[in-house]
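# Secondary and tertiary structure notes
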Amino acid sequence: MNASLLEKKIRGVRDKCSGRISVLIEMDNLRIELDSKNVFLSASLIKIPILIAGFRQAEQKKWDLTEVIRVPKEEKVGGSGVLATFSDPVQVTVQDLMTLMITVSDNTATNVLIDLIGLEAIQTCIKELGLQSTQLNRKLMDLESKAKGIENLASASDMVSCLKAVHRESFLSHGSSQAILSIMAKQQFTHKLPAYADSEKVNVYNKTGELDKAEHDCMIITYGEKTAYAAVLTDHLEHNEMGRQAIRQIGKYVYDWLIS
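So, here is what we can say about the structure in this document.

What counts as what
- In this numbering scheme, every chain counts its residues from 1 along its sequence in written order.
- pLDDT decides what is reported in this predicted model: residues at 70 or higher carry local features, side-chain atom pairs at 80 or more are listed and counted, and totals for whole chains, interfaces and linings draw on all residues regardless.
- To obtain the side-chain values, all non-hydrogen atoms of the structure were used and water was disregarded.
- Secondary structure follows DSSP: runs of H or I at least 4 residues long count as helices, runs of E at least 2 residues long count as strands, and numbering of each begins at the N terminus.
- Put simply, the radius of gyration uses C-alpha atoms, and a globule should come to 2.2 Å times the residue count raised to 0.38.
- For the exposure calls, accessible area comes from a 1.4 Å probe over protein chains only, and a residue counts as buried if that area is under 20% of its type's maximum, exposed if over 50%, partly exposed in between.
- The criterion used for residue contact is that any of the two residues' heavy atoms lie within 4.5 Å.
- Using the Shrake-Rupley algorithm and a 1.4 Å probe, accessible areas are obtained, with residue cover drawn only from the displayed protein chains.
- As used throughout, the charge tally considers Lys and Arg to be positive and Asp and Glu to be negative, leaving His and the chain termini uncounted.
- A charged residue contributes its charge at one atom only: NZ of Lys, CZ of Arg, CG of Asp or CD of Glu.
- Two strands make a pair as long as DSSP finds a minimum of two bridges between them.
- With axes taken as lines fitted to C-alpha atoms, and helix axes fitted only over the stretch in contact, angles between N-to-C directions fall between 0 and 180 degrees.

### Observations concerning the overall build of the chain
When helices and strands are counted, the chain shows nine helices and nine strands. For 260 residues, the compact-globule estimate of 2.2 N^0.38 gives 18 Å, and the chain sits close to it at 18 Å. If one aligns the C-alpha atoms of the chain with their principal axes, the spans along those axes are about 55 × 40 × 30 Å. The buried share of the chain, taken over its 260 residues, is 53%. Counting contacts in the chain only where the partners sit at least 6 residues apart, residues at least 24 apart contribute 64% of the total. About 11500 Å² of surface is accessible on the chain, with carbon and sulfur atoms providing 47% of the total. Treating the 31 positive side-chain charges of the chain as one cloud and the 33 negative ones as another, the clouds have centres 3 Å apart.

Right, dumping it as structure tokens:
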């Protein structure tokens, strides 16, 4: 499959999707961009810049990754994750909070980290990463702020910028960058972009997000010396499965191209 055919296939997926879809794929000298700067509600993709900001503060010795944080019952929120399932307060390390935030998309862990890192510090990190559309404006599951129209935002272009900053070690130290990749490699939700990837052949690091009638995913996928960065964001879907199918198909095309 040549580059023009790959882009044609991805555009075909976009044209069949009922809702809005934004795509950015970068591999070697190949760049496929379909409305990649369009702004979407971030859903759990916002957890990637939070993770980067957290490791940055750890590098600055503002706290230690092994520091134990107490998570009281009143801090627990619904949605995805496991911390909210415990009836009693729990104690976990900062490293554990970061891992839970990514691997099982734990919303409680995310909110605790927002408090620990600081909303303003995360917003500063987002700016210093050069992200154009991404905004963290509230905690997750903050329904009162949501009712006021306060939302967290992201774009496919910004998510690829985050992935590249981590993988290319251009923003954090080698140790921090590798720690982030190690966390992302343990991702439990691999049913979208990496769905058709053979884990025996490639390494995948991804983070999903979803809301009602919106599905997102972004990933780094490596095969030998070859690397692809991909982000697909969708919304206004007739039903969520349509978005998942579109993202899975695009992921398959990226995988097939990478290993060819």
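### Considering the sheet that holds strand S2 (residues 30-34)
The sheet built from five strands is open, its strands ordered S2-S1-S9-S8-S7 with antiparallel pairing. In this open sheet, the two strands that pair with only one neighbour each are S2 and strand S7 (203-211). Strand-to-strand twist in this sheet, taken as the mean axis angle between neighbours without regard to direction, amounts to 5 degrees. Pairing between strand S8 (residues 214-223) and strand S9 (residues 226-235): nine bridges, direction antiparallel. Its bridge partner being in S9, His-216 is matched across the sheet by Leu-233.

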